[in-house]
Amino acid sequence: MATKKRQIQYFELTKKIWRKEEDNIMPFVEVKDLFQFILKKKRQIRIHQLKQSKICLLDSCMPHVKGDNSILIKGLMKSATQDFCPYLLNSRTGEERPNTRTKQEGDIEKNHFLIKITDRGDNEFDVFVIFEKNGNGITMNQFVDCLNGYNKLWVQSKKEKRSYSINYKIVCGDDFFEMLNNLGRAKIAEVHFDKTLVGSDALDFSDKLVAAKSDVVLTMKAERDMSLKGFGLDVLQLMQMKKSKISKIRIYGEDDEKRNVMIDTDFFGKKTEIDADLNSETGEVVTPNIYTELEKLADDLV
């Protein structure tokens with residue numbers, strides 16, 4: 001059977017509680033209940049409208065309780081782009097013909113995912129998302145946008161008011177650490193963090209931060225002939241901690257050849273590749289096979 005390399009990305013699924021200054025970022029452990037709610041709805045209701053004439057929906061998901069205090073949720077998102085139905089071109093004859101589909105239809109694109117919820121005890125949880133990257137499908141940002149849309153319906157069904165938004169954190173890969181550690185000199189460090197950190201823990205600006213963006217950027221510049229490499233490594237360690245309010249780190253520096261270098265945690269998120277079997281008729285990846293591969297990756301998460 002033919003196979004194709006599929007890139008896999010790693011994230012943490014979180015929720016940001018509004019109007020709470022301290023400990024306002026928590027693991028979104030309710031995702032299992034959210035999926036159970038939305039899968040009871042008709043497919044038409046599950047359609048979530050994204051930007052640029054694109055839609056997505058949760059097609060299926062299967063929760064499975066494991067014996068190591070963890071829950072695995074294997075799921076499939078489908079998406080399509082509307083308002084685009086050009087003529088078709090025959091690859092053998094060069095002939096063109098009208099497309100039979102309507103503007104309300106589009107090619108189905110798939111993103112498989114696996115969510116691992118682990119109970120660490122003392123009310124501490126990890127919620128990791130292992131996400132199949134598909135350039136024609138949806139991004140993690142769009143996946144979370146869809147979850148927020150579903151969550152709005154869920155909260156309304158319970159006659160409650162929304163008190164949080166669903167978000168995610170990039171799980172930083174070893175490449176960023178290695179690149180930073182191998183820098184000749186780190187000259188500028190930018191640390192992006194939630195604005196509530198300024199209000200609650202430092203300058204007591206909480207009442208004056210309403211107009212500020214959700215992220216505040218701290219910029220550090222090294223003294224002449226000094227390096228911020230140690231500072232960057234310390235911040236990276238803080239970023240990986242539970243409930244960290246740091247969302248991104250960007251370092252400007254130079255390598256051993258004095259060439260300018262910029263490294264960013266957004267570019268060096270944890271990634272891996274798997275070999276996915278392809279359907280011989282459609283060319284699509286085979287869902288049971290990719291789930292098996294994602295489960296193997298989930299077993300490696302500590």
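These lines cover the structure that appears in this document, whether it is placed above or below. If you're wondering where the values come from, they're calculated on a predicted model, not measured in any experiment.

1. Remarks on the packing of aromatic side chains
For step 1, the next point in the chain: Considering all chains together, one arrives at five aromatic pairs under this definition.
For step 2, the next point in the chain: With centroids separated by 5.0 Å and ring planes inclined at 50 degrees, the aromatic side chains of Phe113 and Phe143 adopt a geometry described as tilted. Placement of the pair is Phe113 in strand β8 (residues 109-121) and Phe143 in helix α3 (residues 140-157), with a sequence separation of 30 residues.
For step 3, the next point in the chain: Arranged with centres 5.5 Å apart and planes meeting at 40 degrees, the rings of Phe131 and Phe143 form a pair that is tilted. Here Phe131, found in strand β9 (residues 124-132), pairs with Phe143, found in helix α3; they are twelve residues apart in sequence, far enough to count as distant.
For step 4, the next point in the chain: Each residue in the set Phe35, Phe113, Phe131 and Phe143 is aromatic and connected to the rest through ring pairs, giving one cluster.
For step 5, the next point in the chain: One cation-aromatic arrangement involves Lys15 over Tyr164; the distance from NZ or CZ to the ring centre is 4.9 Å.
For step 6, the next point in the chain: Here the guanidinium or amino end of Lys158 rests over the ring plane of Trp154, the centre of that ring lying 3.7 Å away.

2. Side note on the pattern of salt bridges
For step 1, the next point in the chain: Applying the stated rule across the entire model yields 15 salt bridges.
For step 2, the next point in the chain: When the shortest N-O distance is used, the salt bridge between Glu295 and Lys74 registers 3.1 Å. Linking Glu295 in helix α7 (residues 287-299) with Lys74 in strand β5 (residues 70-81), this pair joins segments that are 221 residues apart in sequence.
For step 3, the next point in the chain: Taking relative accessible area as the criterion, Glu295 reaches 25% and is therefore assigned partly exposed.
For step 4, the next point in the chain: Residue classification places Lys74 among the buried residues on the basis of a relative accessible area of 18%.
For step 5, the next point in the chain: Between Glu160 and Lys158 there is a salt bridge whose closest N-O contact spans 3.8 Å.
For step 6, the next point in the chain: Residue classification places Lys158 among the partly exposed positions, given a relative accessible area of 36%.
For step 7, the next point in the chain: Sharing partners across several salt bridges, the network here consists of Arg43, Asp59 and Lys78.

3. What about the side chain of Ser79?
For step 1, the next point in the chain: One can find Ser79 in strand β5.
For step 2, the next point in the chain: Of the residues examined, Ser79 reaches a relative accessible area of 4% and is grouped as buried.
For step 3, the next point in the chain: Beyond its immediate sequence surroundings of up to four residues, Ser79 is in contact with Lys54, Ile55, Cys56, Asp107, Ile108, Glu109, Gly137 and Ile138.

4. Thoughts on the nonpolar core
For step 1, the next point in the chain: One finds Leu13, Phe35, Ile115 and Phe143 to be the most contacted residues of the largest nonpolar core, which totals 33 residues.
For step 2, the next point in the chain: Those residues within four positions of Ile115 in sequence are excluded, and the remaining contacts are Leu13, Val31, Phe35, Ile71, Leu72, Ile73, Val127, Phe128 and Val129.
For step 3, the next point in the chain: In this structure, Val171, Leu294, Ala298 and Leu301 belong to the second largest nonpolar core, which totals 18 residues.

5. A look at the sheet that holds strand β11 (residues 185-194)
Hydrogen bonds between backbone groups are what pair the strands of a sheet, and the pairing can be parallel or antiparallel.
For step 1, the next point in the chain: Taken in spatial order, the four strands line up as β12-β11-β13-β14 in an open sheet, and their pairing is antiparallel. Taken across any chain shown, the strands that pair with only one partner, and hence form the sheet edges, are β12 (215-221) and β14 (260-264). For this sheet, the mean angle separating the axes of adjacent strands, direction not counted, is 15 degrees.
For step 2, the next point in the chain: Relative to β14, strand β13 (residues 246-254) is paired through five bridges, and the arrangement is antiparallel.

6. A few points about helix α1 (residues 31-39)
For step 1, the next point in the chain: Every buried residue belonging to α1 is among Val31, Leu34, Phe35, Phe37 and Ile38, and all of these are buried. For α1, the angular spread of the buried residues around the axis is 160 degrees, confining them to a single face.

7. Here we look at the packing of helix α4 (residues 174-181) against helix α6 (residues 229-239)
For step 1, the next point in the chain: Running from amino to carboxyl end, α4 crosses α6 at an angle of 165 degrees, the nearest separation of the two axes being 10 Å. Judged on the interaxial angle alone, α6 and α4 are roughly antiparallel. Crossing of α4 over α6 shows left-handed handedness. Residue-level inspection shows Phe176, Phe177, Leu180 and Asn181 of α4 in contact with α6, the latter providing Lys229, Gly232, Leu233 and Leu236.
For step 2, the next point in the chain: Looking at the contact of α4 with α6 residue by residue, the classes come out as five nonpolar, two polar and one charged.

Calculation rules
Residues numbered from 1 in each chain as written. Predicted model: local features only at pLDDT ≥ 70, side-chain atom pairs only at ≥ 80, totals over all residues. Heavy atoms only, no water. Phe/Tyr/Trp six-rings, centres within 6.5 Å; stacked < 30°, edge-to-face > 60°. Helix = DSSP H or I, 4+ residues; strand = E, 2+ residues; numbered from the N terminus. Lys NZ or Arg CZ within 6 Å of the ring centre and 35° of its normal. Salt bridge = Lys/Arg side-chain N within 4 Å of Asp/Glu carboxyl O. Buried < 20%, exposed > 50% of the residue type's maximum accessible area, 1.4 Å probe, protein only. Contact = heavy atoms within 4.5 Å. Core = buried A, V, L, I, M, F, W, Y, C linked by side-chain atoms within 4.5 Å. Pairing = 2+ DSSP bridges. Axes fitted to C-alpha atoms, helices over the stretch in contact; angles between N-to-C directions. Arc of directions from axis to C-beta. Parallel < 35°, antiparallel > 145°, perpendicular 65-115°, else oblique. Left-handed = near helix turned anticlockwise from the far one by under 90°. Nonpolar A, V, L, I, M, F, W, Y, C, P; charged D, E, K, R; others polar.

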